[in-house]
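Observations on the three-dimensional arrangement
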Amino acid sequence: MRRNQLQTIGSATAVLIAATALAACGSSSSTDTTAAPAAMTTAAATTEASSASTKVDVVLNEMNVMAMPGEAKAGDVTFDVKNEGAAGHNLVVIKTDTTAADLGEDAAASEAGKVGKVDEIAAGQSKDLTLKLDVGQYALICNLPGHYGAGMYQDFTVN
Ligand SMILES: [Cu+2]
């Protein structure tokens, strides 16, 4: 009887140790192999989501608007607008059937068809603007007095 009890305790202890070892092994391996890939999957998904928004660098100076690239796929487009000039500039995004050079008067352009605007940016500063753009022809202009007429415009195509 006593010997049987000892055997029972002994095997119960062995089972406990094995279970503890399994649990420790299981929990550490599940942390290492499932949590890490899950985090990587999340990061990859985030990267895919942000790359779904096309990034366009727009540089403003005296007296140019330079968008790189000059076209984008329809959908979310993020204009990363940097004023590399010495004066303040703004950026108006206009959907238009004409070219950017043909928006109207010399001093200031018509903003008919405006789909978004970045208010005046001080020299050396940057601002972002994300717009959902349909397929079409657009004009990117600075419409501070005299700037459009001085050449601050560029065509932009969404396809
Ligand atoms: Cu300007």
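In this report, we go over the structure that sits alongside the text. Note that the structure is a prediction, hence the values are computed from the model and not measured.

1. Brief notes about the overall build of the protein chain
For the protein chain, the helix and strand inventory stands at one helix and nine strands. Walking the protein chain from its N terminus toward its C terminus, one meets helices and strands in the order α-β-β-β-β-β-β-β-β-β. In the protein chain, which comprises 159 residues, the share counted as buried stands at 28%. Long-range contacts, defined here as pairs at least 24 residues apart, represent 68% of the contacts in the protein chain between residues at least 6 apart. Summed over all atoms, the accessible surface of the protein chain reaches about 9,300 Å², with 58% contributed by carbon and sulfur.

2. With respect to the sheet that holds strand 2 (residues 64–68)
Here four strands make up an open sheet; going across it, the order is 2-1-4-7 and the pairing mixed. Sheet topology places strand 2 and strand 7 (126–133) at the edges, where each strand pairs with a single neighbour. Along the sheet, successive strands turn relative to each other by an average axial angle of 25°, direction set aside. Sheet analysis places strand 1 (residues 54–61) next to strand 2, joined by five bridges and oriented antiparallel.

3. Observations concerning the environment of threonine 78
Among the secondary structure elements, threonine 78 is positioned in strand 4 (residues 75–83). Taking the relative accessible area as the measure of exposure, threonine 78 reaches 15% and is therefore buried. Counting along the chain gives 50 residues from threonine 78 to aspartate 128, while the straight-line C-alpha distance between them is 6.7 Å. Setting aside anything within four residues of it in sequence, one finds threonine 78 in contact with Ser53, Thr54, Lys55, Val56, Asp128, Leu129 and Thr130.

About the cut-offs
- Residues numbered from 1 in each chain as written.
- Predicted model: local features only at pLDDT ≥ 70, side-chain atom pairs only at ≥ 80, totals over all residues.
- Heavy atoms only, no water.
- Helix = DSSP H or I, 4+ residues; strand = E, 2+ residues; numbered from the N terminus.
- Buried < 20%, exposed > 50% of the residue type's maximum accessible area, 1.4 Å probe, protein only.
- Contact = heavy atoms within 4.5 Å.
- Areas by Shrake-Rupley, 256 points an atom, 1.4 Å probe, with all protein chains shown as cover.
- Pairing = 2+ DSSP bridges.
- Axes fitted to C-alpha atoms, helices over the stretch in contact; angles between N-to-C directions.

Note that every value here comes from positions in space, so none of it alone points to a role or purpose.
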